[in-house]
Amino acid sequence: MSEPAVLPRLEVVLPSVLHPSANGHSSVWVPLPGGSTIQDVLTHLGQEYPLLGRRLCDEAGMLRRYVNIYVDGDESRRLEGLSTPVWPGREVLIIASVAGG
């Protein structure tokens, strides 16, 4: 009997304001089947960490206005948005803007 295939994974780094929504984790690992995108990463995060998913995306599944995702240092909205491809070894960083006065 063969062992199940292990999917490659991608590390997603979270800002401290989102750690409580990800069970205290400063980063999370997301499995990456071939052809994965930022949207796939967000879908996985929402399934694995529902509170985090609600903090990142609205009810329609769109990235909230105050959330920015950087892939290898480039803001995803300036790349291909939620269709930006990701693969192991890419640096993915989520930043949530904090307003205050």
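Residues numbered from 1 in each chain as written. Predicted model: local features only at pLDDT ≥ 70, side-chain atom pairs only at ≥ 80, totals over all residues. Heavy atoms only, no water.

(A) Local environment of the overall build of the chain. Along the backbone of the chain there are two helices and five strands. Each helix (α) and strand (β) of the chain, taken in turn from the N terminus, gives the series β-β-α-α-β-β-β. A globule of 101 residues ought to have a C-alpha radius of gyration of about 13 Å, and the chain, at 14 Å, matches this closely. If you line up the chain on its principal axes, its C-alpha atoms span 60 × 30 × 25 Å. A buried classification covers 39% of the 101 residues belonging to the chain. Summarising the internal contacts of the chain: among those between residues at least 6 apart in sequence, 48% fall at separations of at least 24. About 6,300 Å² of surface is accessible on the chain, with carbon and sulfur atoms providing 53% of the total. (Helix = DSSP H or I, 4+ residues; strand = E, 2+ residues; numbered from the N terminus. Rg over C-alpha atoms; globule rule 2.2 N^0.38 Å. Buried < 20%, exposed > 50% of the residue type's maximum accessible area, 1.4 Å probe, protein only. Contact = heavy atoms within 4.5 Å. Areas by Shrake-Rupley, 256 points an atom, 1.4 Å probe, with all protein chains shown as cover.)

(B) Seen up close, the side chain of Thr37. Position of Thr37 relative to the elements: it lies in the loop between β2 (27–31) and α1 (38–48). Among the residues examined, Thr37 registers a relative accessible area of 17% and is labelled buried. The contacts of Thr37, once residues within four sequence positions are left out, are Leu82, Ser83, Thr84, Pro85 and Val86.

(C) Geometry of unusual backbone geometry. The backbone of Asn23 sits at a positive phi, close to 55°, despite the residue not being glycine. Within the element layout of this structure, Asn23 appears in the loop between β1 (9–13) and β2. Take Asn23: its relative accessible area is 59%, and that puts it in the exposed class.

(D) Region of the structure containing the packing of aromatic side chains. All chains considered together, the criterion is met by zero aromatic pairs. Above the face of the Trp87 ring, Arg90 is positioned so that its terminal group lies 4.2 Å from the ring centre. (Phe/Tyr/Trp six-rings, centres within 6.5 Å; stacked < 30°, edge-to-face > 60°. Lys NZ or Arg CZ within 6 Å of the ring centre and 35° of its normal.)

(E) Representation of the sheet that holds strand β4 (residues 74–75) in the model. Within the open sheet, the five strands sit side by side as β2-β1-β5-β3-β4. Their pairing is mixed. The sheet is open, and its two edges are formed by β2 and β4, each paired on a single side. Each of β1, β2, β3 (67–71) and β5 (92–96) touches α1; the most contacted strand, β2, lies at about 110° to it. (Pairing = 2+ DSSP bridges. Axes fitted to C-alpha atoms, helices over the stretch in contact; angles between N-to-C directions.)

(F) The arrangement of the pattern of salt bridges in detail. Counted under the stated rule, the structure contains two salt bridges. With a shortest N-O distance of 2.9 Å, Asp72 and Arg90 are connected by a salt bridge. In this pair, Asp72 is assigned in the loop between β3 and β4 and Arg90 in the loop between β4 and β5, connecting sequence segments 18 residues apart. Looking at Arg90, the relative accessible area reads 16%, which means it is buried. A salt bridge links Arg77 to Glu75; its shortest N-O distance comes to 3.4 Å. Since its relative accessible area comes to 10%, Glu75 is described here as buried. (Salt bridge = Lys/Arg side-chain N within 4 Å of Asp/Glu carboxyl O.)

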